[in-house]
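# Fold and geometry: a report
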Amino acid sequence: AHILENGLLDPNFNVFLNNQVYSLFLDGENDILYVGGAFTQVNGQNKSYLAVINTNTSLATGFNVTPNAEVQEIVLSPDGNTMFIGGFFTMVAGQPRKSFAQIDIVNNQLSSLNLNLGSGATIITSMYLDAPNNVIYLGGSFSTILGQPMTDLAAVDLDDGTLTSFAPQITG
């Protein structure tokens with residue numbers, strides 16, 4: 001649903017997804033809505049787990065960097081050129097990317113950054129991009145990242161793809 005400034009439902013925004021939505025990110029300058037979730041179709045089109053929708057037309061765009069399972073979180077860079085996704089997936093665009101992926105929106109392609117989240121069940125459920133420092137904070141359920149022991153909370157320097165010195169000890 002889209003709510004207009006006057007508080008009424010927008011009758012022109014009509015998007016149907018066949019399953020749950022977990023994350024939304026609006027790029028209001030470009031009238032684009034990024035949607036992540038458990039769905040496999042948007043308005044009858046095959047669009048699994050991640051979709052980019054034009055808010056003026058309610059149509060999914062040609063964006064096709066697709067994960068193989070649910071997307072729980074979406075964050076965009078301030079310039080709108082890079083998308084970060086977190087979730088239950090193990091592959092994105094046919095490439096191994098367990099629970100986290102960085103996507104070049106301009107070129108519609110997966111970046112080379114692979115955090116190699118450890119074996120077993122992992123999920124990224126929350127992210128925060130510290131854009132001025134080019135660091136992304138990740139929260140979820142994981143025990144290793146980039147081959148280093150790290151439990152459920154981590155920060156990655158996007159300039160070089162390494163862990164920062166941020167190393168909280170989470171227990172319980």
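See the structure printed just above.
First, a word on scope: everything that follows refers to the structure included in this document. A quick note: this is a predicted structure, and the numbers were derived from the prediction, not measured. (Residues numbered from 1 in each chain as written. Predicted model: local features only at pLDDT ≥ 70, side-chain atom pairs only at ≥ 80, totals over all residues. Heavy atoms only, no water.)

## Some remarks on the overall build of the chain
To be explicit about the condition: The helix and strand labels rest on DSSP assignments: H or I over at least four residues marks a helix, E over at least two residues marks a strand, and numbering proceeds from the N terminus. Here the globule rule is a power law, 2.2 Å times the number of residues to the power 0.38, and the radius of gyration is based on C-alpha atoms. Exposure categories follow from relative accessible area, calculated using a 1.4 Å probe and restricted to protein chains: below 20% of the type maximum is buried, above 50% is exposed, and the middle band is partly exposed. The contact criterion used throughout is that any non-hydrogen atoms of two residues lie within 4.5 Å.
The helix and strand inventory of the chain stands at zero helices and 17 strands. In terms of C-alpha radius of gyration, the chain reaches 16 Å, essentially the compact-globule figure of 16 Å for 172 residues. Considered along the principal axes of its C-alpha atoms, the chain spans approximately 50 × 35 × 30 Å. Burial status across the chain gives 43% buried among its 172 residues. Put simply, 30% of the contacts in the chain that link residues at least 6 apart link residues at least 24 apart.

## Description of the side chain of Arg 97
Basically, it comes down to this: Only four residue types enter the tally: Lys and Arg on the positive side, Asp and Glu on the negative side, with His and both chain ends excluded. Basic side-chain nitrogens of Lys or Arg form a salt bridge, by our definition, when they fall within 4 Å of a carboxyl oxygen of Asp or Glu. Within 3.5 Å is the distance limit for a polar contact, defined as a pair of N or O atoms, with the added protein rule that one can donate a hydrogen and the other accept it, and that residues adjacent in sequence qualify only through two side-chain atoms.
With respect to the element layout, Arg 97 can be found in the loop between strand S9 (95-96) and strand S10 (100-104). For the buried Arg 97, no salt bridge is present, and the opposite-charge side chain at shortest range is Asp 104, 12 Å distant. At a separation of 3.1 Å, a polar atom in the side chain of Arg 97 contacts the main-chain carbonyl oxygen of Leu 113. Residue contacts for Arg 97: discarding those within four places in its chain leaves Phe 89, Thr 90, Met 91, Val 92, Leu 110, Ser 111, Ser 112, Leu 113 and Asn 114.

## Let's talk about the nonpolar core
The following threshold applies: Definition of nonpolar core: a set of buried residues of the types Ala, Val, Leu, Ile, Met, Phe, Trp, Tyr and Cys, connected through side-chain atoms within 4.5 Å.
By size, the foremost hydrophobic cluster in this structure holds 19 residues, and its most contacted members are Tyr 34, Leu 50, Ile 74, Met 83, Ile 85 and Ile 103. Listing elements by their share of this core, those giving two or more residues are strand S2 (32-37), strand S5 (50-54), strand S6 (71-76), strand S7 (82-87) and S10. Per-element tally for this core: the top contributor is S6, with three residues. Once residues lying within four places of it in the same chain are set aside, the contact partners of Ile 103 are Leu 50, Phe 63, Val 65, Asn 81, Thr 82, Met 83, Ile 85, Gln 109, Leu 110 and Ser 111. In terms of nonpolar packing, the next biggest core, distinct from the first, is built from 17 residues, Phe 100, Leu 138, Ile 145 and Ala 154 among them.

## Here's the deal with the sheet that holds strand S12 (residues 123-130)
Selection criterion: The criterion for strand pairing is that DSSP finds at least two bridges linking the strands in question.
Pairing within the open sheet is antiparallel, and its four strands lie in the order S12-S13-S16-S17. Each of the sheet's edge strands pairs with one partner strand only, and the pair in question is S12 and strand S17 (162-163). Pairing between strand S13 (residues 135-141) and strand S16 (residues 153-157): five bridges, direction antiparallel. For Leu 138, the partnering residue across the bridge sits in S16 and is Ala 154.

## Some points on the packing of aromatic side chains
Which entries qualify depends on this criterion: By convention, a stacked pair of Phe, Tyr or Trp rings (six-membered ring in the case of Trp) has centres within 6.5 Å and planes under 30 degrees apart, an edge-to-face pair has planes over 60 apart, and any other such pair is tilted.
Counted by the stated rule, this structure contains two aromatic pairs. Taking the centre distance of 5.2 Å and the plane angle of 80° together, the rings of Tyr 137 and Phe 166 count as edge-to-face. Taken as a pair, Tyr 137 in strand S13 and Phe 166 in the segment after S17 lie far apart in primary sequence, 29 residues in all. Under the relative-accessibility criterion, Tyr 137 is labelled partly exposed at 27%. On the accessibility criterion, Phe 166 (32% relative accessible area) is partly exposed.

## Section: the sheet that holds strand S11 (residues 109-110)
If you walk across this open sheet you meet the four strands as S6-S7-S10-S11, and the pairing is antiparallel. Only two strands of the sheet have a single partner each, and these edge strands are S6 and S11. Direction of pairing for S6 relative to S7: antiparallel, over a ladder of five bridges. Considered in S7, the bridge of Val 75 is made with Phe 84.

## With respect to the environment of Phe 100
Examined against the element boundaries, Phe 100 turns out to sit in strand S10. Each C-alpha atom, one on Phe 100 and one on Gly 28, is 24 Å from the other, the two residues being 72 residues apart in sequence. If we ignore the near neighbours within four places in the chain, the residues touching Phe 100 are Phe 84, Ile 85, Phe 89, Leu 113, Leu 115, Leu 117, Ile 124, Met 127, Ile 136 and Leu 138.

## A look at the side chain of Thr 122
Here Thr 122 is to be found in the loop between S11 and S12. Within the structure, Thr 122 has its side chain in polar contact with the side chain of Ser 99 (distance 2.9 Å). Once residues within four sequence positions are removed from consideration, Thr 122 is found in contact with Gly 87, Phe 88, Lys 98, Ser 99, Leu 117, Ser 141 and Phe 142.

Just distances and angles here, no functional claims.
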